[in-house]
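Chain and residue survey
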Amino acid sequence: EPLVSPSRKPKTKRAKRFLERREPKLTENTKNAMLIKGGNANLTVTEVLKDILLLFPFFSPFSPLRKNITRPFEDQTSLEFFSKKSDCSLFLFGSHNKKRPNNLIIGRMFDYHVLDMIELGIENFVSLKDVKNNKCPEGTKPMLIFAGDMFELNEEYRRLKNLLIDFFRGPTVPSIRLAGLEHVLHFTALDGKIYMRSYKVLLKKSGCKIPRIELEDIGPSLDLVMRRTHLASDDLYKLSLKQPKALKPKKKKNISHDVFGTTYGRIHMQKQDLSKLQTRKLKGLKKRPTEKSAQDGGTSPKKPKSA
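Under an unreviewed UniProt entry, the name given to the chain is Ribosome production factor 2 homolog, and the organism recorded is Asarcornis scutulata. Here is the UniProt Sequence similarities (unreviewed entry) comment for the chain, exactly as written: "Belongs to the RPF2 family." Per UniProt, the chain has the following entry under Subcellular location (unreviewed entry): "Nucleus, Nucleolus".

1. A closer look at empty space enclosed by the protein
To find the voids left in a structure, one rolls a probe of water-molecule size over its atoms. Counting across every chain of the model gives one cavity of 30 Å³ or more. Estimated volume of the largest cavity: approximately 130 Å³. As for the largest cavity, its lining consists of 13 residues, of which L120, L164, F168, M196 and L224 are closest to the centre. When residues of the lining of the largest cavity are traced back to their parent elements, those giving at least two are β4 (103-110), α5 (155-168), β8 (193-204) and β10 (221-230). In terms of residue count, α5 provides more of the lining of the largest cavity than any other element does, three residues in total. Here the lining of the largest cavity is built from residues that sort into 13 nonpolar, no polar and no charged.

2. Considering the environment of H230
Of note, H230 is situated in strand β10. Look at H230 and you get partly exposed, because its relative accessible area is 30%. Each C-alpha atom, one on H230 and one on G107, is 8.9 Å from the other, the two residues being 123 residues apart in sequence. When neighbours within four sequence positions are excluded, H230 is seen to be in contact with F73, Q76, V114, L115, D116 and M117.

Conventions adopted
Residues numbered from 1 in each chain as written. Predicted model: local features only at pLDDT ≥ 70, side-chain atom pairs only at ≥ 80, totals over all residues. Heavy atoms only, no water. UniProt positions renumbered as here; feature names shortened; annotations may be inferred. 1 Å grid on protein atoms, 1.4 Å probe; cavity = no way out; pocket = protein on both sides within 12 Å on 5 of 7 lines; lining within 4 Å. Points joined across faces, edges and corners; volume = space filled by probe spheres on them. Helix = DSSP H or I, 4+ residues; strand = E, 2+ residues; numbered from the N terminus. Nonpolar A, V, L, I, M, F, W, Y, C, P; charged D, E, K, R; others polar. Buried < 20%, exposed > 50% of the residue type's maximum accessible area, 1.4 Å probe, protein only. Contact = heavy atoms within 4.5 Å.

If you want it as structure tokens, here you go:
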């Protein structure tokens, strides 16, 4: 699909739709990812890209690229060009060479420029076809689980966790049903390695309303090691997270919550004149003549008793 300059008016409906998709929106489009196979990718890297594409068909596959587009860490212009052309803000690049065998580079764009990029080496790989179990339906949104202290303590691992969530979260859905939660992606950081495992959730009978959960390995499984990283500066990273003011929730005043989740609200009212408050007319609350006269500002003379 050719690029259309925003300064030119579209001549066809297709070009008009193309420009409308690129326009800024309060709620942006679902992030698309492009899977790129480098010109020197071997069979292992190719199988990894194919398995990820089978699990997540909303990704955009690219045909093998020329050999001059094989070093994203040295030259990022080609990635940025294809990102702008295909309107993809995420990418997974696979390559293989003697210095860095079985190499994967996962990254994302901001304003069609590389924001974060992390290089991962494949040390062990088990493909989908090697695991003879029933698979999840295509396009199932996965549940992401991260285990390991490194995802919280180390800045590079913390950014990798955020990048993986961005990459595998898929489209935003308005509602979720229990039977649809059947795919789990589990990432474990241990001893300098990252273990990626894929499971199918089995709901077994438990004798009550809550089913018993079992996990069945469906593949693929990857043992990864982190190599080079290209992380955005803190200022650029904060800029990429900025949201329009219209999307920010309005702060409700005079509302607080306690530790138990109870909501308390404070209401401001005008000062009330309690002397004019209408109460029940009870005999015991009637004013005596002396109280009435004192309220009027004078005392009335007592009537003489008649003989």
